[in-house]
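A closer look at the structure
Single-letter residue listing:
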Amino acid sequence: MRILITGGAGFIGSHLCDRLLAEGHQVIAMDNLSTGSVNNIAHLAGHDNFLFIKHDVTNYIYIEGKLDAVLHLASLPSPVDYLEKPIQTLKVGALGTHKALGLALEKGARFLLASTSEVYGDPLVHPQAETYWGNVNPVGPRGVYDESKRFAEALTMAYHRAHGVETRIARIFNTYGPRMRLDDGRVVPNFVKQALLNEPLTVYDDGSRTRSFCYVDDMVEGLYRLLLSDEVYPVNLGNPREMTILEFARTVLKVSGSSSPIVFVIPKDERTKDDPQVRQPDISKARRVLGWEPRVDLEEGLRRTVEWFRARVQK
Ligand code: UDP
């Protein structure tokens, strides 16, 4: 297949480029490099089947030649980024998805949307299954991300229903691994970096909120299987092992062998406003329709992540 990946220089996008190239596909990575980095795809420069195009997907997308699939991953998925760039976040989720769907329609290509567990907001149902409609505050600081992804899902279904585009929707839960931006502000890069620098791990509030962390290789496998599947309705992809952020901080310390202390911090900005209290994917559907479940356990995934960060933090 000849495949376009928007957000192809990002964290998950670049791993997906590697995987699709390894499967023998032709890959075009598109990215405006606002949060992605050419460092993530530098090793692919000169690869016969790889092309990089610097472009902002909120503007009209022109691709010459055929396309079999459009994987739409362009996004600002870190709360710190979307609080800083709220309008750009809404634009990429809404206008960017519109452009990417228009391109898929034009090319007769299959379309995969990278959606998010944030469509469930601060969930009142736990764990979250795809049938849950969510609890999102549209006017809160996180609304810019959550609502843009909810709109993106609605638009994707509309292109499917109105135009017959072959669409897929992945609801991606917290994912981690090498190539996360050191300063992206999310809990994994923050804690790993702090542990490696022997700085205090900044647990926000009392650390009792929960998350469930999926290693990036597992996520890429799930996305690839979803692309090849026949499932039009959303599918949760994530690791169901749930823990509090405080437990997660202790796990990072154990795996990295760091003696950093843990400190409890009350952020002064709005980053913890509407912060989901709990999050855990129900992956029964992914198991059933994709035959997929995560394979890499947290300690192993964190070891690989710590090693990757170690080299960069020291630099
Ligand atoms: N968090 C934290 N310390 C940090 C960064 C994040 O305690 O230095 C918390 C954050 O408040 C949230 C959880 O960790 O409850 C996960 O945050 P992240 O930004 O990674 O992503 P989210 O799951 O909220 O999208």
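Notes on the structure in this doc start here. (Residues numbered from 1 in each chain as written. Predicted model: local features only at pLDDT ≥ 70, side-chain atom pairs only at ≥ 80, totals over all residues. Heavy atoms only, no water.)

Moving on, we get to the overall build of the protein. When helices and strands are counted, the protein shows 9 helices and 13 strands. The C-alpha atoms of the protein give a radius of gyration of 19 Å, which matches the 20 Å a tight globule of 315 residues would have. Taking the principal axes of its C-alpha atoms as reference, the protein extends roughly 55 × 45 × 35 Å. In the protein, which comprises 315 residues, the share counted as buried stands at 57%. When contacts within the protein are restricted to residue pairs at least 6 apart in sequence, those whose partners lie at least 24 apart make up 81%. Summing over all exposed atoms, the protein offers an accessible surface of approximately 13,400 Å²; the carbon and sulfur share of this is 52%. Considering the protein, the positive charge centre built from 38 side chains and the negative charge centre built from 39 side chains are found 1 Å apart. (Helix = DSSP H or I, 4+ residues; strand = E, 2+ residues; numbered from the N terminus. Rg over C-alpha atoms; globule rule 2.2 N^0.38 Å. Buried < 20%, exposed > 50% of the residue type's maximum accessible area, 1.4 Å probe, protein only. Contact = heavy atoms within 4.5 Å. Areas by Shrake-Rupley, 256 points an atom, 1.4 Å probe, with all protein chains shown as cover. Lys, Arg positive; Asp, Glu negative; His and termini not counted. Charge placed at Lys NZ, Arg CZ, Asp CG, Glu CD.)

Bringing unusual backbone geometry into the picture now. The amide bond that connects His126 to the next residue, Pro127, takes the cis arrangement and shows omega of -10 degrees. Summarising the element assignment, Pro127 is placed in the loop between strand E5 (110–116) and helix H4 (143–163). A positive phi angle, near 60 degrees, is found at Leu33, a position not held by glycine. With respect to the secondary-structure elements, Leu33 resides in the loop between strand E2 (26–31) and strand E3 (50–54). Assessed through its relative accessible area of 24%, Leu33 is described here as partly exposed. At Asn198, a residue that is not glycine, the phi angle is positive and equals roughly 55 degrees. Mapping Asn198 onto the fold places it in the loop between helix H5 (187–196) and strand E8 (201–204).

Another point: the site of the ligand. Within the structure, the ligand sits among 18 residues, and Val187, Thr202, Tyr204, Arg211 and Asp275 are positioned closest to it. Asn174 is positioned such that a nitrogen or oxygen atom in its side chain is 2.8 Å from an oxygen atom of the ligand. Between Tyr204 and the ligand, the recorded distance is 2.8 Å, taken from a backbone N or O atom to an oxygen atom. Contact with the protein chains removes 95% of the 520 Å² of surface that the ligand exposes when unbound. Looking at the shell around the ligand, the elements that each hand over two or more residues are H5 and E8. Looking at side-chain class alone, the shell around the ligand contains 6 nonpolar, 5 polar and 7 charged residues. (Near = heavy atom within 4 Å. Polar contact = N/O pair within 3.5 Å; in protein donor to acceptor, adjacent residues only side chain to side chain. Nonpolar A, V, L, I, M, F, W, Y, C, P; charged D, E, K, R; others polar.)

Time to look at the pattern of salt bridges. This model, assessed by the stated rule, comprises 26 salt bridges. One salt bridge connects Arg19 with Glu23, and the closest N-O pair in it is separated by 2.9 Å. With its nearest N and O atoms 2.7 Å apart, the salt bridge here joins Arg287 to Glu293. Within the structure, one salt-bridge network assembled from shared partners comprises Glu118, Arg142, Asp205, Arg209, Arg211, Asp275 and Arg279. (Salt bridge = Lys/Arg side-chain N within 4 Å of Asp/Glu carboxyl O.)

It is worth spelling out H5 at this point. The element H5 is largely enclosed, with a buried count of 8 among its 10 residues. The complete set of buried residues in H5 reads Val188, Pro189, Asn190, Phe191, Val192, Gln194, Ala195 and Leu196. Packing partners of the buried residues in H5 comprise strand E7 (175–176), E8, helix H7 (245–256) and helix H9 (298–314).

Below, the discussion takes up the sheet that holds strand E4 (residues 69–72). With parallel pairing, 7 strands are arranged side by side in an open sheet as E3-E2-E1-E4-E5-E6-E11. In the strand order of this sheet, the two ends are held by E3 and strand E11 (235–237), each with one partner. Recorded for the sheet is a direction-independent mean angle of 20 degrees between the axes of neighbouring strands. For E5 and strand E6 (residues 167–172), the ladder comprises 6 bridges, and the chain directions are parallel. Bridging across to E6, Leu113 finds its partner in Ile169. Relative to strand E1 (residues 2–6), helix H1 (residues 11–22) is tilted by about 170 degrees, and along the sheet it contacts E1, E2, E3, E4 and E6. Sitting on the sheet, H4 is in contact with E5 and E6, with an inclination near 155 degrees to E5. (Pairing = 2+ DSSP bridges. Axes fitted to C-alpha atoms, helices over the stretch in contact; angles between N-to-C directions.)

On to the side chain of Lys149. Within the secondary structure layout, Lys149 lies in helix H4. Despite its burial, Lys149 remains without a salt bridge, the nearest opposite charge being carried by Glu153 at 8.5 Å. Of the polar contacts made by the side chain of Lys149, one reaches the backbone oxygen of Ala114; its length is 2.7 Å. In this structure, Lys149 is in contact with Ser75, Ala114, Ser115, Thr116 and Val119, ignoring residues within four places of it in sequence.

The next subject is the packing of aromatic side chains. Evaluation of the coordinates by the stated rule reveals 7 aromatic pairs. Each ring, one from Phe191 and one from Phe248, has its centre 6.0 Å from the other, and the planes form 25 degrees; the classification is stacked. Remark: Phe248 occurs in helix H7 and Phe191 occurs in helix H5; sequence separation between them is 57 residues. Phe248 carries the same exposure label as Phe191, and that label is buried. (Phe/Tyr/Trp six-rings, centres within 6.5 Å; stacked < 30°, edge-to-face > 60°.)

Everything listed here is a matter of coordinates, which is why it stays silent on function.
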